[in-house]
Protein chains: 2
Amino acid sequence: MTDTPASADLDAERFQTVRVDLGSRSYDIVIGRGLLQEAGVRIAAVKPGARLAVITDETVAKLHLDAFSKSLSEAGLDHVVLKVPAGEASKRFELFERLCDDVLAARLERGDAIVALGGGVVGDLAGFVAASVRRGMSFIQVPTTLLAQVDSSVGGKTGINSRHGKNLIGAFHQPDLVLADTAILDTLPLRDFRAGYAEVAKYGLLGDEPFFTWLEDNWKAVFAGGPERDEAVARSCQAKADVVAEDEHEAGRRALLNLGHTFGHSLESAVSYETERLVHGEGVSIGMMLAHEFSQRLDLIGQDTIDRVEAHLSAVGLPIRISDIPGQMPPADTLMDIIAQDKKVSRGSLTFILTRGIGRSFVEKGLDPATVRDFLTEKLTR
Amino acid sequence: MTDTPASADLDAERFQTVRVDLGSRSYDIVIGRGLLQEAGVRIAAVKPGARLAVITDETVAKLHLDAFSKSLSEAGLDHVVLKVPAGEASKRFELFERLCDDVLAARLERGDAIVALGGGVVGDLAGFVAASVRRGMSFIQVPTTLLAQVDSSVGGKTGINSRHGKNLIGAFHQPDLVLADTAILDTLPLRDFRAGYAEVAKYGLLGDEPFFTWLEDNWKAVFAGGPERDEAVARSCQAKADVVAEDEHEAGRRALLNLGHTFGHSLESAVSYETERLVHGEGVSIGMMLAHEFSQRLDLIGQDTIDRVEAHLSAVGLPIRISDIPGQMPPADTLMDIIAQDKKVSRGSLTFILTRGIGRSFVEKGLDPATVRDFLTEKLTR
Ligand SMILES: NC(=O)c1ccc[n+]([C@@H]2O[C@H](COP(=O)([O-])OP(=O)(O)OC[C@H]3O[C@@H](n4cnc5c(N)ncnc54)[C@H](O)[C@@H]3O)[C@@H](O)[C@H]2O)c1
Ligand SMILES: NC(=O)c1ccc[n+]([C@@H]2O[C@H](COP(=O)([O-])OP(=O)(O)OC[C@H]3O[C@@H](n4cnc5c(N)ncnc54)[C@H](O)[C@@H]3O)[C@@H](O)[C@H]2O)c1
Ligand SMILES: [Zn+2]
Ligand SMILES: [Zn+2]
C-alpha cells in the first residue's frame, strides 16, 4: 500500500494505493473518500487525451453520474455515457452486443477507454466489452459497491451469463486503473453492503488471521464509513492483488478465493438466482460457514473456530445457515448435481476450499462426493 | 521448419512443422497432404482425453466432415459438430451467441477444445467462441482454404464483424495446434485459391525477395498441388509466425503484414464487401500493386520493380488495377473517407506500408492524406 509517483502530487494523505503487479499490465487501485471528484484528473494522468465511454447502470447514474461526469469534463475528458438497467439481468448477450455497437458508433479507437461506473454487474459487462471491441481497449474501473471494490474490480475477470450458468462467457482483461471511492458506498443499501462485507471477511478467513481479528474489532467503523472502511477495502484489495499477481489465470492459489463459493453458488443456483431470497455475498457467508463446518467434520478444526466465524458473520447481520434462506430449499442431491455442474468442478473429482484454522485455507482436490452429500443432507434437515 | 518430438513418430517425411514461438503458449503448425486422415491422432496427442466441439460451415462439412469425423472417432475423441452457413455473413453476433450456447449445452469444460474446420470465416468465429466460453478454452485450427492456412489461422486474431465494420469485435486467442492439410485445397474453387495466393505473394513482397523469386518460378506447381504447395504454405506460415512471435499484439513490425491492406480494405468496403465483385485476396492484390505504385511515386522504387510485381500477380490471374473490379467505383474522396475510418489509422495521421524494393517493405507513419488522395484520383480515372 504505497503511493506511486503518478499520484504523489495528489493528496497522498487521503488515499491509499494498492499496486497489482502484472508486469507490463500492472495497475493501481486507488482507495479513499471523495475520489470520484478527482476521477477526471486521475484518469487523464493514465490515459492522456483518450476519449471515454462510461458504462453505468440506471441506479448508479441517478446517484453519482453527475459528479463523475463533471469531474471528467473538468479534466477535459470527452466522454459518452451508455446506460444499462440495474441488476444481474444486464449481464447478457443482448446488452453486450448493444454496448459493443454503441462504443463503435461513438468512434472510440483502440487507445481510448471504457470506464465502468457501477457494481460488479457493470464492471463484468463493461470489462467484457472493453476486452472485445477492437480485440481489446483500455479499461478503467470505478467500482461503486463494496463487492466490486474488494472483489470484482480486482483480478481481470470479466463476462456475462449464459442460459447455462453464470459468468460462462467472458475474458480475462485487466484494467489500467481502479478508483475505489469509499464515500460512494454511503448510498449503498445495507443489504448490499453486508453482502460485499462477506468477501472482506473471506480474505481474513482464507489467509490472514490478524485481518479477521481486526475486522472483529472494527467492523462497525467499516460499516459506518470511517477511515477503517478505507483500511478494510485496501487490505482486501491487497489480498486479492497478491493472489492474482501470483496466479493470473486461476491455475492454483487463486482457487483459495473461492472459499465458501462452491457451497454458496449451489445455494444461489438452488434459488434460481432470485436476489430477493439470496444475493451472492449472502450465499458466500453461508458457504463459508459450511466450509468451516465441513472442515470440522474432517477433524481439521475445532468448535471454537466455528463459533468465532459464526459470531462475527451473524454480528454484521449476514445469514449463516441454509435455513436462513427464505422459502423451500431443494434436497441435498439437487445441490450435489449443481455442485457437479459448477465450472470449478473438473472431470468428476470434487475440489473444495477447506481450512485448518482462521487464515489457514487450502485447496482440497478429489473429495469423495458421498461425504459432501451426507454433510449437506444433515445441514438441510436441521 | 523442423519437426517437433510430438510428431517425430508420425510420418516426418510427408509433413513439415512450423513452430510459433510464444513462450508457454507456443504451438505447432503442421503442413502436408493427407493430414486430415491423421488429425485425430495428432489432436489426441496435444489434448489427450479432451471432448471436442467441431465448428465448420455447410460447404466444408459436405466435402470434408466425414473424413475428419472418422479420424477423430478412430482416435477415440468424443465430439459434437456445430455447423454455420458458409460465407462472411456468419461472422456475426447472433451466431457467436448461438455457438457459445451450443458449446456450453454440449457440456464442454475448460480443458476441452473447440476445433475450427474451415476457412478464415470459421476460424475467426470459432476462435472468438473458444476465447470467450469459460473465459478461454483450448482451440485447434484445421484451416481448409489457402488464405486460412497461410494467414488467418496463424497469429491468434479472432473475431466477428459489426455493423460498423469488419473484425471489430474479437479477441487475441492462440490455438494449441494448427493442422494444414494441403490436399484439402484440391476442392477449393480456383478463385478462392488465387485470393489466398495473394497473401502468399505478400510474404515475399514484404520481406523475402528469394521467396518471391521462388514463387515466380514455382507458382504453377503451387496451384497444381505438388510438394511446392506444401513448401509455399510452410514458408508463408514461417514468415507470419516470425512476425507474430516478435510482436504478438500488433504494436510494430506486425503492421508489415498489412502490405496492400489499407488500399485493399478501402476497395472491399467500397463494393460493400460484395464478394461477387471482390474478395479479400483480390483486394489485397490490387492494394499491393497500389502500394508499389505509390512507393514509386515517392521515388522509393523504380518501374522495373512495378513491372515484376504486376507480371507475377497477373500471371496467376489476380486483378491488379482498380478498373479490374466489375461495376462502378466511388470517387477518391469516398475511398479516403473509408481509409480514415479504417481501424489501422489512428488519430488523423495516415499509416501505410510502403516499400523500397521487393522484400523491403516498411511502415510509414504520418503520410500527408492529400498526396494519397491525388494518387487515388489518378488511379480511379485510368
Ligand atoms: N469479476 C469478478 O471477479 C467478480 C467477482 C465477484 C462477483 N462478480 C460479479 O459481480 C456481480 C455482483 O456485483 P454487485 O453485488 O456489485 O451487484 P450490482 O452491480 O448489481 O450492484 C448491486 C445493486 O446496487 C446498486 N448500486 C451500485 N452502486 C451503488 C451505490 N453506490 N449506491 C446505491 N446503489 C448502488 C446497483 O444499481 C445494483 O442495483 C455479479 O454479477 C457477480 O458475478 C464478479
Ligand atoms: N484472423 C486473421 O488473422 C485473419 C487474417 C486474414 C483474413 N481473415 C478473415 O478470413 C476470412 C476469409 O477467409 P476465407 O477466404 O478462408 O473465407 P471463407 O472461410 O468464407 O472460405 C471461402 C469459401 O470457401 C469455402 N471452402 C472452405 N474450404 C473449402 C474447401 N477445402 N473446398 C471447397 N470450399 C471450401 C467456404 O465454405 C467459403 O464458401 C475473412 O472473414 C477475413 O476477415 C482473418
Ligand atoms: Zn464472491
Ligand atoms: Zn489479408
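Residues numbered from 1 in each chain as written. Chains lettered and ligands numbered in written order. Predicted model: local features only at pLDDT ≥ 70, side-chain atom pairs only at ≥ 80, totals over all residues. Heavy atoms only, no water.

Colleague: Sorry if this is basic, but what is going on with the sheet that holds strand S2 (residues 27-32) of chain B here?
Modeller: Across a sheet, strands are paired by hydrogen bonds formed along the backbone, either parallel or antiparallel in direction. Residues and elements named next belong to chain B. Read from one edge of the open sheet, 7 strands run S1-S2-S9-S6-S5-S3-S4, paired in mixed fashion. Lying at the two open borders of the sheet, with one neighbouring strand each, are strand S1 (16-20) and strand S4 (79-84). Going across the sheet, the axis of each strand differs from the next one's by a mean of 15°, ignoring polarity. The sheet contact formed by strand S3 (residues 52-57) and strand S5 (residues 113-118) spans 5 bridges and is parallel. (Pairing = 2+ DSSP bridges. Helix = DSSP H or I, 4+ residues; strand = E, 2+ residues; numbered from the N terminus. Axes fitted to C-alpha atoms, helices over the stretch in contact; angles between N-to-C directions.)

Colleague: Looking at this structure, how should I read the side chain of His261 of chain A?
Modeller: Residue and element names in this part refer to chain A. Structurally, the position occupied by His261 is in helix H10 (residues 261-270). Note on His261: relative accessible area 6%, which makes it buried. Within the structure, His261 has its side chain in polar contact with the backbone oxygen of Leu259 (distance 3.0 Å). Side chain to side chain, His261 and His280 meet in a polar contact 3.3 Å long. (Buried < 20%, exposed > 50% of the residue type's maximum accessible area, 1.4 Å probe, protein only. Polar contact = N/O pair within 3.5 Å; in protein donor to acceptor, adjacent residues only side chain to side chain.)

Colleague: Mind showing me how you'd approach the interface of chain A and chain B here?
Modeller: Often, the extent of an interface is quoted as the loss of accessible area upon association of its parts. Each partner contributes to the interface: chain A provides 37 residues, whereas chain B provides 37 residues. When chain A packs against chain B, the two sides together hide about 3100 Å² of surface, and 49% of this comes from carbon and sulfur. Inspection of the chain A/chain B interface yields 2 salt bridges. A salt bridge links Asp101 of chain A to Arg163 of chain B; the shortest N-O distance between them is 3.3 Å. Across the chain A-chain B interface, the total number found is 12 residue pairs in polar contact (both at pLDDT 80 or more). For the side of chain A that touches chain B, the secondary structure elements donating two or more residues are helix H4 (93-105), helix H5 (120-132), strand S7 (157-162) and strand S8 (165-172) of chain A. Looking at the side of chain A that touches chain B, the element that brings in the most residues is H4 of chain A, giving 7 residues. (Contact = heavy atoms within 4.5 Å. Buried area = accessible area lost by both parts, 1.4 Å probe. Salt bridge = Lys/Arg side-chain N within 4 Å of Asp/Glu carboxyl O.)

Colleague: Help me understand the pattern of salt bridges, please; the structure alone is not making it clear to me.
Modeller: Under the defined criterion, the tally for this structure stands at 45 salt bridges over all chains. In this structure, the salt-bridge partner of Arg98 of chain A is Asp102 of chain A, at a minimum N-O distance of 3.9 Å. One end of the pair is Arg98 of chain A and the other is Asp102 of chain A, both in helix H4 and 4 residues apart, which spans about a single turn. On the basis of relative accessible area, Arg98 of chain A is assigned to the partly exposed category, the value being 37%. Residues Arg92 of chain B and Glu94 of chain B are paired through a salt bridge, measuring 3.3 Å at the closest nitrogen-oxygen approach. Note on Glu94 of chain B: relative accessible area 53%, which makes it exposed. A single salt-bridge network, built from bridges that share partners, covers Glu88, Lys91, Asp124 and Lys166 of chain A.

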